[in-house]
Amino acid sequence: MTVTIWHNPKCGTSRNVLALIRERGIEPVVVEYLKTPPTRAELAALFAEGGLTARQALRAREVEGVGIDVSGMDEAALLDAMIAHPILIQRPLVKSAKGVRLARPPETVLEIL
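The following paragraphs examine the structure supplied in this document. Worth saying up front: this structure is predicted, and the values here are computed from it rather than measured.

1. Remarks on helix H1 (residues 12–23)
Along an α-helix, residues three or four positions apart point the same way, because every turn accommodates 3.6 residues. The end-to-end C-alpha distance of H1 is 16 Å, a good match for the 16 Å that 12 residues give at a rise of 1.5 Å each. Turning to H1, its buried residues number three or more, namely Thr13, Ser14, Val17, Leu18, Leu20 and Ile21. Buried residues of H1 fall within an arc of 160° about the axis and therefore sit on the same side. Residues of H1 that are buried in the fold lie against strand S1 (4–7), strand S2 (29–32) and strand S3 (93–96).

Written out as structure tokens, the structure reads:
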């Protein structure tokens, strides 16, 4: 089974999820999404498959740092903001043949392994 994790190595939660995957004997495809961001279509597909809205997958803590006001943005505008500023994408996102999860808390990833 192929498992892909959109990962930020500076994030403790992301590192913990990566460790959980590896503890299950799976070596995932690791995408450092700040270096290699998903396309808008890829991100929208991940959210759709994971049953997430862009607002649910928004890393709100980072909004002020990029200097934008997301309060009135619709889903399309939020996706555009995430593509322009990948730091706004909540992490880690994990995809397997069983689905997509925003692995917060980390144990959520176990549902799709």
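2. A look at the side chain of Thr4
Along the chain, the position of Thr4 falls in strand S1. Residue Thr4 is classed as buried on the basis of its relative accessible area, which comes to 14%. In this structure, Thr4 is in contact with Val29, Val31, Leu93, Val94 and Lys95, ignoring residues within four places of it in sequence.

3. Structural notes on unusual backbone geometry
Most peptide bonds are trans, and most residues other than glycine sit at a negative phi. Cis geometry marks the peptide bond from Arg91 to Pro92, where omega comes out at -5°. Mapped onto the elements of the fold, Pro92 is located in the loop between helix H4 (75–84) and S3. Cis peptide bonds are those with omega within 30 degrees of zero, and the linkage from Arg104 to Pro105 qualifies with 5°. Turning to its location among the elements, Pro105 is positioned in the segment after strand S4 (99–102).

4. Quick look at the pairing of S4
Direction of pairing for S3 relative to S4: antiparallel, over a ladder of four bridges. If you follow Ser96 over to S4, its bridge partner there is Gly99. Linking S3 back to S4 in an antiparallel pair, the connection comprises two residues.

Rules used throughout
Residues numbered from 1 in each chain as written. Predicted model: local features only at pLDDT ≥ 70, side-chain atom pairs only at ≥ 80, totals over all residues. Heavy atoms only, no water. Helix = DSSP H or I, 4+ residues; strand = E, 2+ residues; numbered from the N terminus. Expected span 1.5 Å × (residues − 1). Buried < 20%, exposed > 50% of the residue type's maximum accessible area, 1.4 Å probe, protein only. Arc of directions from axis to C-beta. Contact = heavy atoms within 4.5 Å. Pairing = 2+ DSSP bridges.

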